[in-house]
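Take a look at the letters that make up each chain.
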Amino acid sequence: MTTRATGLKILQPRQLQRWFSSGAPEKAEGPLAGIRVLDMTRVLAGPYCTMLLGDLGADVIKVEHPTRGDDTRAWGPPFKAYKRALQAGDKKADSPLYTAPPRFPGESAYYLCVNRNKRSVAVDLKKEAGREIIGGLAREADVVVENFVPGTLAAMGLGYDELSRINPRLVYASISGYGATGPYSQRPGYDVIIEAEAGLMHITGDEHGPPVKVGVAVTDIATGLYAHGAIMAALLARARTGRGQHLDLSLIQTQASVLANIASNYLVGGHDAQRWGTRHPSIAPYEVFATADGSVCIGAGNDAQFASLCRCIGRPDLSSQPEFRTNADRVANRLALSSAIADALAARSTADALALLDGGAFPFAPVNSIAQTFSHPQLLARRVVRQIDHPFVGPIRLVGPAVHYSCSDVGIRRPPPMLGQHTELVLRSVLGYSDAQVAHAVRSGATALYHYDAQCSA
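Residues numbered from 1 in each chain as written. Predicted model: local features only at pLDDT ≥ 70, side-chain atom pairs only at ≥ 80, totals over all residues. Heavy atoms only, no water.

Q: Which parts of the structure should I look at to understand helix α11 (residues 303-312)?
A: The α-helix advances 3.6 residues per turn, and as a result positions three or four apart in sequence lie on the same side. Along α11, 7 of the 10 residues are buried, which leaves the element largely enclosed by surrounding structure. Among the residues of α11, those classed as buried are Gln305, Phe306, Ala307, Ser308, Leu309, Cys310 and Cys312. Turning to α11, the residues buried within the fold contact β11 (295-299), α12 (327-332), α13 (334-345) and α14 (350-357). Between the side-chain oxygen at the start of α11 and the backbone nitrogen of alanine 304 there is a gap of 3.2 Å, and the oxygen is on asparagine 302. The positive-phi residue at the C-terminal boundary of α11 is glycine 314, with phi of around 80°. (Buried < 20%, exposed > 50% of the residue type's maximum accessible area, 1.4 Å probe, protein only. Helix = DSSP H or I, 4+ residues; strand = E, 2+ residues; numbered from the N terminus. Contact = heavy atoms within 4.5 Å. Polar contact = N/O pair within 3.5 Å; in protein donor to acceptor, adjacent residues only side chain to side chain.)

Here's what the structure looks like:
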């Protein structure tokens, strides 16, 4: 239908499903139920993106090398130990097509954190029959996500130009270190390298100390979030135009974009940045203060919040002193201000300091360890950690989706898959392979079938 006011065509739910979907099996009514994603990514940025799509209900098929799998399968410790033998004692053991799966120390915690809600297929892209499998899966997919060095897949006949000819509705997202164009396009890129090269490491660390990396791979995570959003937008555009498109994402452009106010300070004011530790270049007080047994973080972003802080620490006089009256005054005299606040808190325990600050009209918090974070009452109340049974390592706990949906089923439906756990199922159910075609794919070295029992391969 169309609206009278705008003349815009409004697609009804069934129409949207028909426009979006390539007929992937619906196992949950998430927002992306019916969308099939071919995941040709490794490590973090790409798998994080595809995990988010899987959380939203998409059918994500993860492509892995038959013997190595995703690089992160070997990244550890820690590893979650196997609780039972990997090799199944069923009729597969008697078939020459099936082999014992590769041995890992266990399931890597790194791998487990970003690969739930996916099915794994083992495919060797260097084999012609392997490339045929990928082409067939792309024909049946709505989305491809890959993080090879630009041009690598195109040289195999699996780039956007080639795959869009067989599936014009395909949304094809490429994630690389530096993007598909420019003088650095052929360089590989890891998060820490881009943190160094694109300004983040320069502004991270103590004021008079060396540059340091952020404690988690934020550039990878931000790129995965950008990719997830871009794919959603491209699917909406496809609903209007009927065509997919190529999305070119890079770690370096993502990192430049999330410099936010630091970038603006340079571009608008010509001010290069420096390291401030936990302090803020434009706000004071806004930093961590030591207690007798830990630390607390305090931020006072306006005059009223600062006055409230001064009352809480028993120094109401500070807010009326000329050198601290406005935020600009406080920034100019931050060292004296920080010293006064530090003196009020240093002899107190963290618990006492928090009690002192409680009730103030300003943000504050303790500096928590990871263990303290996951016992935080707010995270417990919000059910941030979810538990799911894994067929070989038993129950595992994972950080669940960060968004609560009022009308959609969003969550963890599948544990992270074993390497090649779903190869045969996908070949037969998605591509319609016959016994002879499956046998040819295995004997050619294009894929591998492993001794997982029937329950684990569903």
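Q: Got a minute to help me understand the packing of helix α2 (residues 45-55) against helix α8 (residues 218-241) in this structure?
A: Two packed helices can be described by the angle between their axes and the distance between those axes. Axis separation between α2 and α8 bottoms out at 8 Å; the angle between their running directions is 45°. In terms of their interaxial angle, α2 and α8 are classed as oblique. As for how α2 packs across α8, the hand of that crossing is right-handed. Contacts from Ala45, Tyr48, Cys49, Leu52 and Leu53 of α2 reach α8 at Asp220, Ile221, Thr223, Gly224, Leu225, Ala227, His228, Ile231 and Met232. (Axes fitted to C-alpha atoms, helices over the stretch in contact; angles between N-to-C directions. Parallel < 35°, antiparallel > 145°, perpendicular 65-115°, else oblique. Left-handed = near helix turned anticlockwise from the far one by under 90°.)

Q: Help me understand the sheet that holds strand β9 (residues 246-250), please; the structure alone is not making it clear to me.
A: Strand pairing in a sheet relies on backbone hydrogen bonds. The paired strands run either parallel or antiparallel. The strand order across the open sheet formed by 6 strands is β6-β2-β1-β7-β8-β9, and the pairing between neighbours is parallel. Each end of this open sheet is capped by a strand with a single partner; those strands are β6 (118-122) and β9. Neighbour to neighbour, the strand axes of the sheet diverge by 20° on average, direction disregarded. Two elements, strand β7 (residues 143-146) and strand β8 (residues 171-176), share 4 bridges in a ladder whose sense is parallel. Bridge pairing in β8 places valine 145 opposite alanine 173. Taken strand by strand, helix α4 (residues 128-139) contacts β1 (36-40), β2 (59-64) and β7, and its axis lies near 150° from that of β1. (Pairing = 2+ DSSP bridges.)

Q: Looking at this model, I keep getting lost on the packing of aromatic side chains. Mind explaining?
A: Think of a pair of aromatic rings as described by two things: how far the centres are apart, and how the planes are tilted against each other in angle. The full count for this structure, using the stated rule, is 6 aromatic pairs. Here the aromatic rings of tyrosine 178 and tyrosine 184 are separated by 5.6 Å at their centres, their planes lie at 70°, and the arrangement is edge-to-face. By relative accessible area, which is 10% here, tyrosine 178 ends up buried. Using a relative accessible area of 33% as the deciding quantity, one classes tyrosine 184 as partly exposed. Each ring, one from phenylalanine 362 and one from phenylalanine 364, has its centre 5.7 Å from the other, and the planes form 50°; the classification is tilted. Judged by relative accessible area, phenylalanine 362 falls into the buried class, the value being 6%. On the accessibility criterion, phenylalanine 364 (26% relative accessible area) is partly exposed. One aromatic cluster is present, formed by Phe392, Tyr450 and Tyr452 through successive ring pairs. In this structure, arginine 73 packs its charged tip against the face of tyrosine 111, placed 3.9 Å from the ring centre. (Phe/Tyr/Trp six-rings, centres within 6.5 Å; stacked < 30°, edge-to-face > 60°. Lys NZ or Arg CZ within 6 Å of the ring centre and 35° of its normal.)

Q: Just checking my understanding: could you explain the sheet that holds strand β12 (residues 364-366) for this structure?
A: Taken in spatial order, the 3 strands line up as β10-β11-β12 in an open sheet, and their pairing is antiparallel. Strand pairing shows two members of the sheet lacking a second neighbour, β10 (286-290) and β12, which therefore form its edges. Taking each pair of neighbouring strands and ignoring which way they run, the sheet shows an average axis angle of 20°. Where β10 lies against β11, 5 bridges are found, and the strand directions are antiparallel. Directly across from alanine 290, in β11, lies its bridge partner serine 295.

Q: How should the pairing of β6 be read in this particular structure?
A: For a regular strand, side-chain orientation follows a simple rule: the groups alternate between the two sheet faces. Burial analysis of β6 places 5 of its 5 residues in the buried class, the great majority of the element. Neither face of β6 is exposed, since Lys118, Ser120 and Ala122 on one face and Arg119 and Val121 on the opposite face are all buried. Bridge analysis of β2 against β6 gives 5 bridges, and the strand direction is parallel. Counted as the bridge partner of lysine 62 is serine 120 from β6.

Q: Which parts of the structure should I look at to understand the confidence of the model for the chain?
A: Where the model shows low pLDDT, its predicted coordinates should not be examined in detail. Per-residue pLDDT for the chain has a mean of 92; in total, 91% of the residues score no lower than 70. Contacts from residues 24-28, a stretch scored under 50 in pLDDT, to residues over four places away or in other chains number 14 contacts. (pLDDT = per-residue confidence, 0-100.)

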